[in-house]
Amino acid sequence: MIRIAAVGDVHLDADVLGRFRPALEELPDCADVLLLAGDLTRHGTEAEARCVAQEFGGLGVPVITVLGNHDHQCDQVPQVVKVLEDVGITVLEGTGTVLECPGGRLGVAGVKGFGGGFAGRCASDFGEPEMKSFVRTGNESAAALGEALRGLDCDLLVALTHYAPVPDTLAGEPLEIYPFLGSYQLGQAIDSAPTALALHGHAHAGTERGVTPGGVRVRNVAHPVIKQAYSVFHLGDQID
């Protein structure tokens, strides 16, 4: 069994620094790894990234993250990534990593993802250059996730995104904004590999549980949804 702690959308800045730390200090007793599903900061500044590094660095378990849309707001992504990596946090973007855990080798592939919508009600690569660019960004992001997932040699495989791969976990959000919360291409990428679990954030008013068309369990771990410092999933014969 491999124990995975996960949370997203913590939106850290100096005024909330320390909010999660007491619970995070208990991680080595209940989890083998912590996965962060993006929107670590409010506006994606280097100063906010330092708050994330202070809150989530040096926890006694590996920490793996993807970035979210908020983390891109101030166009300081390279600085944000460097601050996080300097404290040992692994940042994934169309890439993957394998961890040796007591319960086996855990593979995590991650990408921020992007919008586009879901089957039957999605944007298409047609028309104005701006629309084509929007759709192609989502397609390329999903393709990168699929390639990363299929390239990992591990015992259990997890997909980590910020944007949602299925509409199930968006229930509670206005239907009008579904195309900006995720895309079905991410779900297809997850189904292209023997993925055991998919984790995402972004949908603050969504619901926790969903499933891809291929049967992969999906969990929305946005902090406003799980309402705790993190959720813990046990991977093995089943997922709690």
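A brief structural summary. One numbering rule holds for all chains: residues counted from 1, following each sequence as written. Local features in a predicted model are, by the rule used here, given only for residues with pLDDT of at least 70; side-chain atom pairs are given and counted only at 80 or more, and totals for whole chains, interfaces and linings are based on all residues. Just so you know, side-chain values use all the structure's heavy atoms and leave hydrogens and water out.

1. Some words on the nonpolar core
Then, number 1: Counting 29 residues, the largest nonpolar core has Leu 24, Leu 27, Leu 34, Phe 56, Leu 59, Leu 84 and Tyr 230 as its most contacted members.
Then, number 2: Breaking this core down by element, the ones donating at least two residues are β1 (2–7), β2 (33–37), α3 (46–56) and α4 (77–86).
Then, number 3: Whether two residues are in contact is decided by their heavy atoms, any of which lying within 4.5 Å being enough. Filtering out sequence-adjacent residues up to four positions away, Leu 34 remains in contact with Ala 5, Ala 6, Leu 24, Leu 27, Phe 56, Leu 59, Val 61, Pro 62, Val 63, Ile 64 and Tyr 230.
Then, number 4: Here, nonpolar core refers to any group of buried Ala, Val, Leu, Ile, Met, Phe, Trp, Tyr and Cys residues whose side-chain atoms link them within 4.5 Å. Buried residues are those whose accessible area, probed at 1.4 Å on protein chains only, stays under 20% of the maximum for their type, while exposed residues exceed 50% and partly exposed ones sit between those limits. Among the nonpolar cores identified, the runner-up in size contains 21 residues, and Ile 2, Ala 6, Ile 64 and Leu 160 belong to it. Numbering of helices and strands runs from the N terminus, with a helix taken as a DSSP run of H or I at least four residues long and a strand as a DSSP run of E at least two residues long.

2. Notes on the packing of aromatic side chains
Then, number 1: Pairing of aromatic rings covers Phe, Tyr and the six-membered ring of Trp, with a centre-to-centre limit of 6.5 Å; geometry is then stacked below 30 degrees between planes, edge-to-face above 60, and tilted otherwise. Enumeration according to the criterion identifies four aromatic pairs in this entry.
Then, number 2: One aromatic cluster is present, formed by Phe 114, Phe 134, Tyr 163 and Phe 180 through successive ring pairs.

3. Some details on the sheet that holds strand β9 (residues 156–161)
Then, number 1: A pair of strands counts as paired when DSSP detects no fewer than two bridges linking them. Within the open sheet, the six strands sit side by side as β5-β6-β9-β10-β12-β11. Their pairing is mixed. Unpaired on one side and paired on the other, β5 (95–101) and β11 (209–211) mark the two borders of the sheet. The average angle at which neighbouring strand axes cross in this sheet is 25°, direction not considered.
Then, number 2: The sheet contact formed by β9 and strand β10 (residues 197–200) spans three bridges and is parallel. Counterpart to Ala 159 in the pairing with β10 is Ala 198.
Then, number 3: Note on geometry: axes are C-alpha line fits, over the in-contact stretch for helices, and angles between N-to-C directions span 0 to 180 degrees. Against the sheet, helix α5 (residues 129–150) engages β5, β6 (104–111) and β9, with an angle of about 165° to β6.

4. Things to note about the side chain of Glu 55
Then, number 1: The topology assignment puts Glu 55 in helix α3.
Then, number 2: No salt bridge forms around the buried Glu 55; measuring N to O, its nearest opposite-charge neighbour Arg 21 is 6.1 Å away.
Then, number 3: A 3.5 Å cut-off defines polar contacts: any pair of N or O atoms within that distance qualifies, except that in protein one atom must be a possible hydrogen donor and the other a possible acceptor, and neighbouring residues in sequence count only when both atoms are side-chain atoms. Engagement of the side chain of Glu 55 in a polar contact is seen with the backbone nitrogen of Gly 18, the distance being 2.7 Å.
Then, number 4: A polar contact of 3.2 Å, which involves the side chain of Glu 55, links it to the backbone nitrogen of Arg 19. Working convention for charge: Lys and Arg count positive, Asp and Glu count negative, and His plus the chain ends are omitted. We count a salt bridge whenever a side-chain nitrogen from Lys or Arg sits within 4 Å of a carboxyl oxygen from Asp or Glu.

5. A look at unusual backbone geometry
As a rule of thumb, non-glycine residues mostly have phi less than zero, and peptide bonds are mostly trans rather than cis.
Then, number 1: Positioned with a positive phi, Asp 9 is a non-glycine residue whose angle comes to about 60°.
Then, number 2: Mapped onto the fold, Asp 9 is located in the loop between β1 and α1 (21–24).
Then, number 3: Positive phi outside glycine occurs at His 11, with the angle close to 50°.
Then, number 4: Looking at the element boundaries, His 11 is found in the loop between β1 and α1.
Then, number 5: The exposure class assigned to His 11 is buried, which follows from its relative accessible area of 14%.

6. Concerning the pairing of β2
Then, number 1: Counting buried residues in β2 gives five out of five residues, a clear majority hidden from the surface.
Then, number 2: Judged from the four bridges that link them, β1 and β2 form a sheet pairing that is parallel. Its bridge partner lying in β2, Val 7 is registered against Leu 36.
Then, number 3: As defined by bridge partners, β2 adjoins strand β3 (residues 63–66) across four bridges and the pair is classed as parallel. In the strand pairing of β3, Ala 37 is matched with Val 66.
Then, number 4: Note that the unit made of β2, α3 and β3 has a crossover that is right-handed. The handedness rule is simple: strands pointing away from the viewer, and a clockwise path from the first strand over the helix to the second, make the crossover right-handed.

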